[in-house]
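Descriptive structure summary
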Number of protein chains: 2
Amino acid sequence: MRNVVLCLSFLGTAFHGWQKQKNAETVSETLEKAIGTVTGEKTSVKGCGRTDSGVHALNYYCNFTLSSRISCEGLKNALNAVLPETVSVKKAAVADDGFHARFSAVSKEYRYRIYRGAVKDPFSVGRALWYKYPLDLEKLNAAAAVYAGEHDFSAFEASGSSVKDKIRTVYESEFYEDGDFIVYRVKGNGFLYNMVRIMVGTALKYNEGKMSIDDIKALFETGDRSAAGKTVAGYGLYLYDVYYGEELF
Amino acid sequence: MRNVVLCLSFLGTAFHGWQKQKNAETVSETLEKAIGTVTGEKTSVKGCGRTDSGVHALNYYCNFTLSSRISCEGLKNALNAVLPETVSVKKAAVADDGFHARFSAVSKEYRYRIYRGAVKDPFSVGRALWYKYPLDLEKLNAAAAVYAGEHDFSAFEASGSSVKDKIRTVYESEFYEDGDFIVYRVKGNGFLYNMVRIMVGTALKYNEGKMSIDDIKALFETGDRSAAGKTVAGYGLYLYDVYYGEELF
């Protein structure tokens, strides 16, 4: 049995997230079905993380064991031939037996795209949050700077999570301009459920003058979700990359 | 009655082109319906050109007469509130009575996007032609250079057109790189039916070594459609802008 690792990209709005669910098309099920078609094997694919409905991935990693001796290039091409056009296998390789797409991850990087044009943009529908109100890049970056470092991110987690340890380290956190878009870039050792979306919502709340920098800092102490900003739309979020301590491909 | 001009953008894959058809959703019908909802008036909207099914528009112009005294800003906002998210009114203004979105146009500019990644890109589906084979920018531009100037473009027109005059002038014609994309930019005084898509298909045929530069030049003499390249997919084409001899907005 080989431990196969894939790097995927997918259009999040075409799926109800990564994880298997009843009566909803998810990326993992779609992929397992494609692997079955190509190799005849029933596999259980382990993903690098749960991504929500609508959330996109530019580089999503997963692994699974396979008996078939098909070459990695052959597997990649065969999967791409049967997968829907909304998900694509970018790379395939054989990893060490101990490799696990989620537990071996050292850090993750996300992007959140905000369209700031005066009128809606048909090309950004489902791909960026449309935000009509003034955006002050300097203010957004003042909020982003607060996030950097090791903090208790309880206030930035959606309710209903079973994760106990809420301490995460954010390595890089900045907003930058990209044409008609403002993009938030964040890299950290891990992210709680909905964390990035609440971080963006909180930066927007600060941008709107509805809270102060001290209010944001206090969230790490109080852990008060209700004092943070909204959970912004999933379709603006992109899993940009996941970093492992080893060369995979 | 005022002669109102709008600048729109729309996602072409959501519509069966601009022009009214039976049993198919088109941009002009969608817009006329929205104008009816907002003003209660039945209008006949004149577009700057027929765009095919799947073809996108970044700036599409149209005009129509209106009795309502609604302000242009008010009309724009009200239309955007009722239009589907795949079409958007970017600007609205009152034009001179003689203005006609199609006949007053002096020149038009298109873009054609080609995705050249090794694997399919879920984010480019319906937005760019995926072309897996090697693309030589220098060769593409050698073909593009042939198109510049005044020529008989009969060989670059889909059959079934009733247009008599096939002479068009191409002012600007070039391929350029944009990340994982190659983009064709063309500006001219007018374009025949499917002309840009056949121009791109012919440049690709030359890129593939299946015809020579002299073969392309000969197309202006022979008018032989069958000797030109394929009509590439409509979803890679974007109406980039239309130029009028006057300031409209």
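Rules used in this analysis
- Residues numbered from 1 in each chain as written.
- Chains lettered and ligands numbered in written order.
- Predicted model: local features only at pLDDT ≥ 70, side-chain atom pairs only at ≥ 80, totals over all residues.
- Heavy atoms only, no water.
- Axes fitted to C-alpha atoms, helices over the stretch in contact; angles between N-to-C directions.
- Helix = DSSP H or I, 4+ residues; strand = E, 2+ residues; numbered from the N terminus.
- Left-handed = near helix turned anticlockwise from the far one by under 90°.
- Contact = heavy atoms within 4.5 Å.
- Nonpolar A, V, L, I, M, F, W, Y, C, P; charged D, E, K, R; others polar.
- Buried area = accessible area lost by both parts, 1.4 Å probe.
- Salt bridge = Lys/Arg side-chain N within 4 Å of Asp/Glu carboxyl O.
- Polar contact = N/O pair within 3.5 Å; in protein donor to acceptor, adjacent residues only side chain to side chain.
- Least-squares fit on C-alpha atoms with pLDDT ≥ 70 in both.
- Domains from an automatic or database assignment.

**With respect to the packing of helix H1 (residues 27-39) of chain A against helix H2 (residues 72-82) of chain A**
Residue and element names in this part refer to chain A. Taken N-terminus to C-terminus, the directions of H1 and H2 make an angle of 115 degrees; their axes are 9 Å apart at the nearest point. For the crossing formed where H1 meets H2, the hand is right-handed. Contacts from Leu31, Ala34, Ile35, Thr37, Val38 and Thr39 of H1 reach H2 at Leu75, Ala78, Leu79 and Val82. By residue class, the composition of the contact of H1 with H2 is 8 nonpolar, 2 polar and no charged.

**Quick word on the interface of chain A and chain B**
Opposite the 23 residues of chain A that make contact, chain B presents 23 residues. Surface buried jointly by chain A and chain B totals about 1800 Å² across both partners, of which 63% is contributed by carbon and sulfur atoms. When the buried area of chain A at its contact with chain B is split by residue, Lys120, Pro122 and Phe123 of chain A rank highest and sum to 40% of it. Counting every contact that joins chain A to chain B gives 0 salt bridges. Counting every contact that joins chain A to chain B gives 12 residue pairs in polar contact (both at pLDDT 80 or more). Only strand E1 (2-10), strand E3 (56-66), H2 and strand E4 (87-95) of chain A provide two or more residues apiece to the side of chain A that touches chain B. With 4 residues, E4 of chain A is the largest single contributor of residues to the side of chain A that touches chain B.

**Let's talk about the relation of the copies chain A and chain B**
When chain A is fitted to chain B, the residual RMSD is 0.0 Å, and the transformation amounts to a turn of 180 degrees plus an axial shift of 0.0 Å. Classification of the inter-copy transformation places it as that of a two-fold axis. Taking C-alpha positions as reference, the residue of chain A nearest the rotation axis is Phe123 of chain A, located at 5.5 Å. Taken together, the interface assignments show that 100% of the residues at the interface of chain A recur at the interface of chain B, consistent with an identical surface on both copies.

**Observations concerning the domain arrangement of chain A**
All names here are of chain A. Once the domains are mapped, chain A shows domain 1 (2-103) and domain 2 (106-242). On a C-alpha basis, the centroid separation for the pair domain 1 and domain 2 is 27 Å. Opposite the 14 residues of domain 1 that make contact, domain 2 presents 14 residues. Three residues, Asp52, His56 and Leu58, lead the burial of domain 1 against domain 2; their summed loss comes to 38% of the area buried on that side. Taken together, the links from domain 1 to domain 2 amount to 1 salt bridge. Where Asp52 meets Arg197, a salt bridge forms, and the shortest distance between an N and an O atom there is 3.1 Å. Linking domain 1 with domain 2 are 10 residue pairs in polar contact (both at pLDDT 80 or more).

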